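# A look at the structure
What follows is the residue order along each chain.
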Amino acid sequence: KAGVTQTPRYLIKTRGQQVTLSCSPISGHRSVSWYQQTPGQGLQFLFEYFSETQRNKGNFPGRFSGRQFSNSRSEMNVSTLELGDSALYLCASSLEGRTSSYNEQFFGPGTRLTVL
Amino acid sequence: GQNIDQPTEMTATEGAIVQINCTYQTSGFNGLFWYQQHAGEAPTFLSYNVLDGLEEKGRFSSFLSRSKGYSYLLLKELQMKDSASYLCAVRDLLGGADGLTFGKGTHLIIQP
């Protein structure tokens, strides 16, 4: 079974631009979560999608948004990029949703975003 | 909100045992995860605790005390490949379904 895939793996943008990152979950997984990882803050939760609906959102500004498609693939978008947005963006998929008492998340390899 | 604390860095010797502690404060605890992350790679799942007690899986064990808001990850017979960051993460049912809150990770260095 293929793992979580993310594209692109590396990206360089300049301040003020916008970027879209893509995540394909493991086949059959319906929940996709996005995280930002930086050396200073560690892994921070951005948002989670389940059945095309955003179910939970972390403490990030509105410049960060996402969506999920009917095939569970997800995209996240960052508008008006700032230098501080440079980070590793990780997506994780899991099988079920809220009613599952145990729900391991499988992480993709991440997209390394550099903002110049 | 949630607060998760774990040591920033630890050093241990090959063949030895190391214990990585994690303390947390959360309002709707619904499970604690440990992940391993090698430099430049994605985190990989190690263990999950939702009830008090010890969960053993090969060389790795994880312990949870919900009343104390405390967990530890125990690594035995350390190998050089165990050099990595170890992330403690808490799942808060009140905050949502699958958005975990992670600690900043413990960087474990294994010396020969």
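In what follows, the accompanying structure is described. (Residues numbered from 1 in each chain as written. Chains lettered and ligands numbered in written order. Predicted model: local features only at pLDDT ≥ 70, side-chain atom pairs only at ≥ 80, totals over all residues. Heavy atoms only, no water.)

Let us now look at the overall build of chain A. Scanning chain A for helices and strands turns up zero helices and 11 strands. Going from N to C terminus, chain A has its helices and strands arranged as β-β-β-β-β-β-β-β-β-β-β. Taking 13 Å as the expected radius of gyration for a compact globule of 116 residues, we find that chain A reaches 14 Å, a close match to that expectation. Considering chain A as a whole, with its 116 residues, one finds that 51% of them fall into the buried category. Within chain A, contacts between residues separated by at least 24 positions form 55% of all contacts whose residues are at least 6 apart in sequence. (Helix = DSSP H or I, 4+ residues; strand = E, 2+ residues; numbered from the N terminus. Rg over C-alpha atoms; globule rule 2.2 N^0.38 Å. Buried < 20%, exposed > 50% of the residue type's maximum accessible area, 1.4 Å probe, protein only. Contact = heavy atoms within 4.5 Å.)

This part covers the sheet that holds strand β3 (residues 19–24) of chain A. Residue and element names in this part refer to chain A. Strand order across the open sheet formed by four strands is β1-β3-β8-β7, with antiparallel pairing between neighbours. Edge positions in the sheet fall to β1 (5–7) and β7 (64–68), since each of these pairs with one other strand and no more. Strand-to-strand, the axes of this sheet are offset by a mean angle of 20°, without reference to chain direction. Of the strand pairs in this sheet, β1 and β3 are connected by three bridges, and their pairing is antiparallel. (Pairing = 2+ DSSP bridges. Axes fitted to C-alpha atoms, helices over the stretch in contact; angles between N-to-C directions.)

For sheets, the rule is that strands pair by backbone hydrogen bonds, running either parallel or antiparallel. All names here are of chain B. Pairing within the open sheet is antiparallel, and its five strands lie in the order β1-β3-β8-β7-β6. Looking along the sheet, the strands with just one partner apiece sit at the ends: β1 (3–5) and β6 (53–57). Averaged over all pairs of adjacent strands, the angle between their axes in this sheet comes to 15°, without regard to strand direction. In terms of strand pairing, β1 meets strand β3 (residues 18–25) through three bridges, oriented antiparallel. From the neighbouring strand, Ile-4 faces β3, where its bridge partner is Tyr-24.

Ranked by size, the top nonpolar core spans 21 residues in total, and within it Trp34(A), Leu46(A), Phe64(A), Met76(A) and Tyr89(A) carry the most contacts. Within the residue set of this core, elements represented by two or more residues are β3, β4 (31–38), β5 (42–50), β8 (74–78), β9 (87–94) and β11 (111–115) of chain A. For Phe64(A), the contacting residues outside a window of four places in its chain are Gln36(A), Leu46(A), Phe47(A), Lys57(A), Met76(A), Asn77(A), Val78(A), Asp85(A) and Tyr89(A). Ile20(B), Cys22(B), Tyr86(B) and Cys88(B) belong to the second-largest nonpolar core, a separate cluster that totals 20 residues. (Core = buried A, V, L, I, M, F, W, Y, C linked by side-chain atoms within 4.5 Å.)

On to the packing of aromatic side chains. All names here are of chain B. One pass over the full model with this rule turns up 16 aromatic pairs over all chains. Arranged with centres 6.1 Å apart and planes meeting at 80°, the rings of Tyr-35 and Phe-45 form a pair that is edge-to-face. Here Tyr-35, found in strand β4 (residues 29–37), pairs with Phe-45, found in strand β5 (residues 44–49); they are 10 residues apart in sequence, far enough to count as distant. We note that Tyr-35, like Phe-45, is buried. Relative to Tyr-72, the ring of Tyr-70 has its centre 6.1 Å away and its plane inclined at 55°; by these criteria the two rings are tilted. The same class applies to Tyr-70 as to Tyr-72, namely buried. (Phe/Tyr/Trp six-rings, centres within 6.5 Å; stacked < 30°, edge-to-face > 60°.)

Glancing now at the environment of Asn3(B). All names here are of chain B. Here Asn-3 lies in strand β1. With 87 residues separating them along the chain, Asn-3 and Val-90 place their C-alpha atoms 9.3 Å apart. Leave out the neighbours within four places in its chain, and Asn-3 touches Thr-23, Tyr-24 and Gln-25.

Residues and elements named next belong to chain A. The tally for this structure, following the rule as stated, stands at two disulfides over all chains. Between the sulfur atoms of Cys-23 and its disulfide partner Cys-91 the distance amounts to 1.7 Å. Pair noted here: Cys-23 is in strand β3 and Cys-91 is in strand β9, with a separation of 68 residues, a long-range link. On the accessibility criterion, Cys-23 (0% relative accessible area) is buried. (Disulfide = S-S within 2.5 Å.)

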